[in-house]
Protein chains: 2
Amino acid sequence: MVYELYYWPGIQGRGEFVRLALEEGGAKYIDIALKPENRGGGVPAMNKFLEGPRVPHPPFAPPFLKVGKQLIGQTSNILLYLGGPLKLAPRDEAGKLWVHQLQLTVADLVVEAHDTHHPIAAGLYYKDQKAAAKRRAEDFREHRIPKFFNYFEKVLTRNRTAGPWLVGRRVTYADLSLAQVVAGIRYAFPKASTKALRKHPRLMKLHDAVFERPRIKRYAESGRRLAFNNDDLFRNYPELDG
Amino acid sequence: MVYELYYWPGIQGRGEFVRLALEEGGAKYIDIALKPENRGGGVPAMNKFLEGPRVPHPPFAPPFLKVGKQLIGQTSNILLYLGGPLKLAPRDEAGKLWVHQLQLTVADLVVEAHDTHHPIAAGLYYKDQKAAAKRRAEDFREHRIPKFFNYFEKVLTRNRTAGPWLVGRRVTYADLSLAQVVAGIRYAFPKASTKALRKHPRLMKLHDAVFERPRIKRYAESGRRLAFNNDDLFRNYPELDG
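Residues numbered from 1 in each chain as written. Chains lettered and ligands numbered in written order. Predicted model: local features only at pLDDT ≥ 70, side-chain atom pairs only at ≥ 80, totals over all residues. Heavy atoms only, no water.

**Student:** So what's going on with the overall build of chain A? Which residues, and what values?
**Tutor:** For chain A, the helix and strand inventory stands at 9 helices and 4 strands. In chain A, the succession of α and β elements from N to C terminus is β-α-β-α-β-β-α-α-α-α-α-α-α. Over its C-alpha atoms chain A spans a radius of gyration of 18 Å, differing by no more than 12% from the 18 Å that the globule rule assigns to 242 residues. Across its three principal directions, the C-alpha atoms of chain A cover 50 × 50 × 30 Å. In chain A, which comprises 242 residues, the share counted as buried stands at 58%. For chain A, restricting intrachain contacts to residue pairs at least 6 apart in sequence, the fraction spanning at least 24 positions comes to 70%. Of the accessible surface of chain A, which amounts to about 10,700 Å², a share of 51% is contributed by carbon and sulfur atoms. Across chain A, the mean location of the 39 positive side-chain charges is 4 Å away from that of the 25 negative side-chain charges. (Helix = DSSP H or I, 4+ residues; strand = E, 2+ residues; numbered from the N terminus. Rg over C-alpha atoms; globule rule 2.2 N^0.38 Å. Buried < 20%, exposed > 50% of the residue type's maximum accessible area, 1.4 Å probe, protein only. Contact = heavy atoms within 4.5 Å. Areas by Shrake-Rupley, 256 points an atom, 1.4 Å probe, with all protein chains shown as cover. Lys, Arg positive; Asp, Glu negative; His and termini not counted. Charge placed at Lys NZ, Arg CZ, Asp CG, Glu CD.)

Okay, structure coming up:
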């Protein structure tokens, strides 16, 4: 099975949560929009499914994954699917739901991190919503980062099995996503995150453990993992870091 | 099986998406926080699970559902679970994922509708973020409502089976949630939504079909379904309706 991933070129964005799972799971996949247009890639290949008049299950937005003829959209839903074949989730129903619940909480944090620089409209430039961004970012640093980090630290503490993971003894897609959001917040808010992570050693350890996994490390060092940048979900605007 | 639902009293909020599924599925459930405190209800009963030091799988926030000893949090995850026993989702894996994908897209719309009145911080009063709210609401009316409504209308059109539903011939939890968000947006933005729904007749029909389901109707007429109000997710501030 060769998976086809469809996501915007040039940014990690929400596609990266899927890529980390594919990489850790050792999956074969093609990142379609990164292929040249004249070889069936690029944004046009993606738009075929977003805008095509006969796609039976059209996604609302990227990322989406093509598995044979099946299209699967929504980041958390793609991960819910991949958890099985890539062995990145428990096999029992209750365990699957618990991992998915944690994933959806990570997804909520991603939206809030994004909205610090775009509190008014995703369709407007940052410079046109800078005053609101400063206020939203302050609340994010003071209240939301602590609330989410406390929560994940608590979940890590309550997992009584050995090892750095959220659920049981094995890494799950929720661990990968949580490490990615921590990495993103460290990029965007270096000062606020350093302070917050000092109080949350288990969360910091999870982050490190993910990026030290051999397959994730190989991926990060391959040059295929894009660097964070200021067109992305997580943006480094020093004025938003207090 | 008697389900226990935990959610804030006084509002429909995210709990309502779960309630509609429980009602349509004919489930027995107790809305714990609506019971008096001296009979084991109220917010303290909820906080036991949010703050208790020995809860193995603590939820981040309400709503959460207790099924025997299992706690399930995150609205979309609760619905993913309930889809099986309440027969509100297809039985095949691909169908389940497609319904969940639509649910997660509804959930995105819910966040955006909420953030029209709270674009800066959930912890601040509306009056302290009114200027930003006006700008965000304008974008929501002009760009986001049309984008989401177009999308759902498209999905409804692509479902080639007879009937008003998003997926196949049977009502799913995603239909119930979509009808609820349409109802909420009609309450919050009566002018903008009237205009938008005129262009999306299938979406309007889905809304009506859900609220005409016998069990949903009985629930709405029982007095147990709270009215929309301005402490809730969807709020009617005329200045945000253009």
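**Student:** I'd love a proper account of the relation of the copies chain A and chain B, names of residues and values included.
**Tutor:** Screw-axis analysis of chain A against chain B gives a translation of 0.0 Å along the axis, an RMSD of 0.0 Å, and a rotation angle of 180°. With respect to symmetry, the two chain copies, as superposed, fit the operation of a two-fold axis. Identified as the residue of chain A closest to the rotation axis by C-alpha distance is P119 of chain A, at 2.9 Å. With an isologous cut-off of 70% or more, the 100% of interface residues of chain A that recur at the interface of chain B puts this contact in the isologous class. (Least-squares fit on C-alpha atoms with pLDDT ≥ 70 in both.)

**Student:** Outline the sheet that holds strand β1 (residues 2-6) of chain B, listing residues and values.
**Tutor:** Residue and element names in this part refer to chain B. As summarised here, the arrangement of the 4 strands in space is β2-β1-β3-β4, forming an open sheet in which the pairing is mixed. Looking along the sheet, the strands with just one partner apiece sit at the ends: β2 (28-31) and β4 (70-73). Mean inter-strand twist for the sheet, computed between neighbouring axes without regard to direction, equals 25°. Alignment of strand β3 (residues 64-67) against β4, held across 4 bridges, turns out to be antiparallel. The partner of F64 across the bridge, within β4, is G73. (Pairing = 2+ DSSP bridges. Axes fitted to C-alpha atoms, helices over the stretch in contact; angles between N-to-C directions.)

**Student:** Requested: an account of the packing of helix α6 (residues 173-188) of chain B against helix α7 (residues 190-198) of chain B, with residues and values cited.
**Tutor:** All names here are of chain B. At a minimum axis separation of 5 Å, α6 and α7 run at an interaxial angle of 130°. Regarding the angle of α6 to α7, the classification is oblique. In this structure, α6 contributes V182, I185, R186, Y187 and A188 to the contact, and α7 contributes P190, S193 and L197. A breakdown of the residues in the contact of α6 with α7 according to their chemical character gives 6 nonpolar, 1 polar and 1 charged. (Parallel < 35°, antiparallel > 145°, perpendicular 65-115°, else oblique. Nonpolar A, V, L, I, M, F, W, Y, C, P; charged D, E, K, R; others polar.)

**Student:** Describe the interface of chain A and chain B, naming the residues involved and giving the relevant values.
**Tutor:** If you look at the interface, chain A gives 47 residues, while chain B gives 47 residues. Of the roughly 3,900 Å² buried between chain A and chain B, counting both surfaces, carbon and sulfur atoms make up 56%. Where chain A meets chain B, there are 2 salt bridges. Among the salt bridges present, the one from D115 of chain B reaches R136 of chain A, with a minimum N-O distance of 3.5 Å. Taken together, the connections running from chain A to chain B amount to 25 residue pairs in polar contact (both at pLDDT 80 or more). Contributions of two or more residues to the side of chain A that touches chain B are made by β4 (70-73), α3 (75-83), α4 (93-117) and α5 (130-158) of chain A. In terms of residues, the side of chain A that touches chain B owes the most to one element, α5 of chain A, which gives 11 residues. (Buried area = accessible area lost by both parts, 1.4 Å probe. Salt bridge = Lys/Arg side-chain N within 4 Å of Asp/Glu carboxyl O. Polar contact = N/O pair within 3.5 Å; in protein donor to acceptor, adjacent residues only side chain to side chain.)

**Student:** Lay out the pairing of strand β1 (residues 2-6) of chain A in plain terms, naming residues and giving numbers.
**Tutor:** All names here are of chain A. Bridge count between β1 and strand β2 (residues 28-31): 4 bridges; the pairing is parallel. Along β2, the bridge assignment pairs V2 with K28. For the handedness criterion, the β-α-β arrangement of β1, helix α1 (residues 15-24) and β2 is classed as right-handed. The pairing of β1 with strand β3 (residues 64-67) spans 3 bridges and is antiparallel. From the neighbouring strand, E4 faces β3, where its bridge partner is K66. (Right-handed = clockwise from strand over helix to strand, strands pointing away.)

**Student:** For the nonpolar core, give the residues involved together with the corresponding values.
**Tutor:** One finds L22, F152 and L166 of chain A together with L22, F152 and L166 of chain B to be the most contacted residues of the largest nonpolar core, which totals 139 residues. Setting aside residues up to four positions removed in sequence, L166 of chain A forms contacts with L102, F152, V155, L156, N159, A174, D175, L178 and L206 of chain A. (Core = buried A, V, L, I, M, F, W, Y, C linked by side-chain atoms within 4.5 Å.)

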